[in-house]
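Here is how the chains run, residue by residue.
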Amino acid sequence: MKRSLPELSIIVPVYNEAAHIARSLQVIAGTAAAITPSFELIVVDDGSRDQTWEQLEKLAGELPQLSAIRLSRNFGKELALCAGMEQAAGAAVIVMDGDLQHPPALIPQMVHLWREEGYEVIEAVKENRGEEPAGKKIGAAVFYGMLNHLSGYRLQGASDFKLMDAKVVDAWRKMPERVTFFRGMTAWLGYKRKTLSFTVPVREEGVSRWNLLTLIKLAVQAIVSFSTIPLRLVSLVGILFLIGSIVLGINTLVQKLQGTAVTGFTTVILLLLLIGSFLMISLGIIGEYIAAIYHEVKGRPRYLIAEKRSGAEAHIRSET
Ligand code: UDP
Ligand code: MG
């Protein structure tokens, strides 16, 4: 039997959220049900090590619109999102976190803008970053400032909480990269966009799944996949060094001919250290791009699905 496609697909990536996943999904499903009878809730379990999957299996009996997908291991939120995006069949697709830090109360407004005003991408933008540690706020400011300059996309305050029309989702699916940066990719797509601002509420249960290292990794990935300016900077600094060396070289030569050359041990050491560090950093930058190319050419699947569980009315059936 062919099932009719849902009007709305809601994608929620979760990792170790057993403590409150049931409540979050009830709230999200309740909000969606008030908007349309035809929706699906796609929850991607990103290889959780707690009881999240058991909770989802149980919930599939209670929430008929639920489709739960379990990835074979923890692939990271970016790839969990990809898994959801590839399954979603709705005329509009909403992506949101599973910890209620993306307020479901915004959904009716998003759907209204899409249905009535014809916007194709509605993005929720963080007005203030809630009660995040100061370090994370400063880090985010530095990162988005850099990304803005390097890539030309204004992503300050961007979140992964979005509504996208099916045609935007189709376009997104045509982007083949293995290493993804969801916010950047959706900005690259264009289409008729609208932003809504929201204040990030405090996480009620559990802790943020990100730490300094995973955030830095995400930042480097984002910059490498959205800009080649760091590579050009390497050449630019190289040229500046060359000009400096010519000036210094002529100066040294003249002093030598005049017989006034000094035995500049300190200068030599400093120059060596400076040039050595610059070379290392340059190699590192080039290395990041080579690593990115390497990941792409390997052409491995982005993620692996271990199993699926669906509620009675879900669009994706467990057997598929
Ligand atoms: N998440 C995920 N895989 C991961 C880390 C996080 O699917 O490896 C999910 C997590 O369960 C949550 C969302 O991504 O639904 C946002 O994560 P979190 O709340 O930890 O991030 P923050 O709100 O601190 O940015
Ligand atoms: Mg959160």
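Residues numbered from 1 in each chain as written. Chains lettered and ligands numbered in written order. Predicted model: local features only at pLDDT ≥ 70, side-chain atom pairs only at ≥ 80, totals over all residues.

In the nomenclature of an unreviewed UniProt entry, the chain corresponds to Glycosyltransferase from the organism Paenibacillus nasutitermitis. Check the Subcellular location (unreviewed entry) section of the UniProt entry for the chain; it says "Membrane". (UniProt positions renumbered as here; feature names shortened; annotations may be inferred.)

**Q** Break down the overall build of the chain for me, citing the residues and quoting the values.
**A** For the chain, the count of helices and strands is 10 helices and eight strands. By the compact-globule yardstick of 20 Å for 320 residues, the chain is too spread out, its C-alpha radius of gyration being 25 Å. Relative to its 320 residues, the chain shows a buried fraction of 32%. A fraction of 83% describes how many contacts in the chain between residues 6 or more apart in sequence connect residues 24 or more apart. (Helix = DSSP H or I, 4+ residues; strand = E, 2+ residues; numbered from the N terminus. Rg over C-alpha atoms; globule rule 2.2 N^0.38 Å. Buried ≥ 20, exposed ≤ 12 C-beta atoms within 10 Å, placed from the backbone. Contact = placed C-beta atoms within 7 Å.)

**Q** Can you break down unusual backbone geometry residue by residue, with the values?
**A** Phi at Asn16 takes a positive value of approximately 50°, unusual for a residue other than glycine. By the element assignment, Asn16 lies in the loop between β1 (8–14) and α1 (21–35). For Asn16, a count of 18 C-beta atoms within 10 Å puts it in the partly exposed group. One non-glycine residue, Tyr191, adopts positive backbone phi at about 75°. Positionally, Tyr191 belongs in the loop between α7 (182–189) and β7 (193–199).

**Q** Go over the packing of helix α8 (residues 212–226) against helix α10 (residues 265–298), please, and point to the residues and values.
**A** Running from N to C, α8 and α10 cross one another at 80°; their axes reach a closest spacing of 10 Å. On the basis of the axis angle, α8 is roughly perpendicular to α10. Contact residues: Val220, Val224 and Ser225 in α8; Glu288, Tyr289 and Ala292 in α10. Residues of the contact of α8 with α10, tallied by class, amount to four nonpolar, one polar and one charged. (Axes fitted to C-alpha atoms, helices over the stretch in contact; angles between N-to-C directions. Parallel < 35°, antiparallel > 145°, perpendicular 65-115°, else oblique. Nonpolar A, V, L, I, M, F, W, Y, C, P; charged D, E, K, R; others polar.)

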